[in-house]
Amino acid sequence: MTNKFANVQTILPGPKAKELIDRRHNIVPDAVSYGVPTFVESAKGALLRDVDGNQFIDFAGAIGVINIGHCDESVVNALHDQVDKYIHTGFNVMMYDPYIEFAEKLAALAPGSFDKKVMFLNSGAEAIENAIKIAKKATNRPAVVSFTGGFHGRTLLTMSLTGKIKPYKYEFGPFAPEVYHAPYPYEYRKPASMTCDEYNAYLLEQMESFFITEVPADQVAAVIMEPVQGESGFIVPDQTFVEGVYEICKRHGILFIADEIQTGFGRTGKYFAMEHFNVEPDLITVSKSMAAGLPISGVIGRQELLDAAGGGELGGTYCGSPLGCRAGLAVLEAMEEKNINERAIHIGEQVMKRFRSFADKFDVIGDYRGLGAMCALEFVESRTTKEPAKEITADVLKEAQSRGVLPLKAGVYDNVVRLLMPLVITDEQLQEGLDVLEYAIEAVAIKHGKTVNEHA
Ligand SMILES: Cc1ncc(COP(=O)(O)O)c(C=O)c1O
């Protein structure tokens, strides 16, 4: 189904997409942004076709939603079956069993050797809103700590928890009260004078003094952490840092919430990325790839915490819709059947091998990093100054898109290209997509007068 993408440059948008984009600009606000200037016609596995007949290898997966692939057969069949039975009754009116079955399965898969309960919501932000409500109710404490660079959503509370100003928070204040940001490790940009161990120890010390200077520990309901920061450019924290924060939480009676919305469901080679670390989160928020594109999210956690709130205090009209639950159950089955976690590790190894060679070849690559199939390249103007190369990054994305591959932008400084391809991508599609990415980086590096080491 693929063509030799690298050799074929397409002008985007094509004529049909152009017409739709014009209509879009008349009716949809620009604040609702888009990554590639075209409109989809169909999607299957790791491939997309747009309304003008252009094909794309999907390295974005709807920003981490499509780990199991577009239109997975078992998901599609489950949805058809569900639509024929009933679409929505409201779990808070007349309940339905797919909710129960999906909750049971997630509780069994989630890390933590304790009894768990699960509730469902609609979006990632809503899952986090609810996790924080649960934490506050259970601890009777008002404050929450998140991390610099973290992203948790666009509602008032989740925007307040988010640790990046533009575009998420700028001129949207005042923010929710009692939200504090602690420093998150960013190894590539640590002080050069410190070793990694010293840096992580320093950040943990900072976290201790944070409870003296910023907010008293006995007023903090929860610390919320992404196991790998997603929007900030796939920043993988050191194990000692994650475990250190967890230990601090335990010592102060603070709940530890893992935001697995981008990292979950096989992306890092495990169902939950926190399984890479020796911690048992009290609460876990999930969404995105849990249901292959159906809008559903969840909070999984210690039974006694999810039982802290009273009847009607949590929930909502569409929360845990039957279609979302059926899709989610089909995703879990398909993940097992297709060995998705193993596949993610294989994909991650292939990508990192290519990234190493890219880094040898292109001086504009300051860092490459990843965990499982959550891999990213960080672009810099100079390896010495590490000045973020925002324009180069944007050009690489555009160049790759015009040659039929859709990677994603990320990064605190908007200078990271991250890959969130469906994990059912074939080896051939993966290598072809990476060929295009290499070609795109080369073209852009030359355009910007940067060094390309031909014999690397
Ligand atoms: C780690 C993380 N948390 C929360 C969210 C917010 O999810 P949603 O956009 O569904 O509200 C996202 C979305 O990208 C995310 O990556």
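Residues numbered from 1 in each chain as written. Predicted model: local features only at pLDDT ≥ 70, side-chain atom pairs only at ≥ 80, totals over all residues. Heavy atoms only, no water.

## Brief notes about the environment of H88
In this structure, H88 sits in the loop between α3 (73–85) and α4 (97–109). Taking relative accessible area as the criterion, H88 reaches 30% and is therefore assigned partly exposed. C-alpha separation for the pair H88 and C196, spaced 108 residues apart in sequence, amounts to 51 Å. Not counting chain neighbours up to four residues away, the residues in contact with H88 comprise Y96, T317, Y318, S321 and P322. (Helix = DSSP H or I, 4+ residues; strand = E, 2+ residues; numbered from the N terminus. Buried < 20%, exposed > 50% of the residue type's maximum accessible area, 1.4 Å probe, protein only. Contact = heavy atoms within 4.5 Å.)

## Side note on a nonpolar patch on the surface
Taken together, the side chains of L156, F172 and F175 define a hydrophobic patch exposed on the protein surface, amounting to about 290 Å² of accessible area. Take F172: it is sitting in the loop between α6 (156–161) and β6 (179–182). For F172, a relative accessible area of 48% corresponds to the partly exposed category. (Patch = residues over 30% accessible without salt bridge, like charges linked within 9 Å, V, L, I, M, F, W, Y side chains within 5 Å. Areas by Shrake-Rupley, 256 points an atom, 1.4 Å probe, with all protein chains shown as cover. Salt bridge = Lys/Arg side-chain N within 4 Å of Asp/Glu carboxyl O.)

## Things to note about the side chain of R24
In this fold, R24 is placed in helix α1 (residues 15–27). One buried charged side chain, R24, makes no salt bridge at all; its nearest oppositely charged neighbour is D30, positioned 4.2 Å away. When near neighbours in sequence (up to four residues on either side) are disregarded, R24 contacts P29, D30, V32, Y34 and F39. (Lys, Arg positive; Asp, Glu negative; His and termini not counted.)

## Some details on the packing of aromatic side chains
Taken as a whole and assessed by the stated rule, the structure comprises 15 aromatic pairs. Taken together, a centroid distance of 6.1 Å and an interplanar angle of 75° make the contact between Y184 and F241 edge-to-face. Here F241 lies in helix α8 (residues 239–252) and Y184 lies in the loop between β6 and α7 (196–213), a separation of 57 residues in the sequence. Each member of the pair, Y184 as well as F241, carries the same accessibility label: buried. Between Y246 and F256 the ring centres are 5.4 Å apart and the planes differ by 90°, which places this aromatic pair in the edge-to-face class. Placement of the pair is Y246 in helix α8 and F256 in strand β8 (residues 255–259), with a sequence separation of 10 residues. A single burial state applies to Y246 and to F256, both of which are buried. These aromatic residues form a ring-pair network of at least three members: Y86, F91, Y96, Y99, F102 and F120. (Phe/Tyr/Trp six-rings, centres within 6.5 Å; stacked < 30°, edge-to-face > 60°.)

## Side note on the site of the ligand
Neighbouring the ligand are 13 residues; G124, A125, D259, Q262 and K288 lie closest to it. Between the ligand and A125 there is a distance of 2.8 Å, counted from an oxygen atom to a backbone nitrogen or oxygen. Separating an oxygen atom of the ligand from a side-chain N or O atom of Q262 is a distance of 2.8 Å. Look at the ligand: alone it shows 390 Å² of surface, and the protein chains cover 84% of it. No other element matches the three residues that helix α5 (residues 124–139) contributes to the shell around the ligand. (Near = heavy atom within 4 Å. Polar contact = N/O pair within 3.5 Å; in protein donor to acceptor, adjacent residues only side chain to side chain.)

## Overview of α5
Spanning 16 residues, α5 covers 23 Å between terminal C-alpha atoms, matching the ideal 22 Å at 1.5 Å per step. Buried within α5 we find G124, A125, A127, I128, N130, A131, I132, I134 and A135. Downstream of α5 by a residue or two, N140 has a phi angle that is positive, lying close to 55°. (Expected span 1.5 Å × (residues − 1).)

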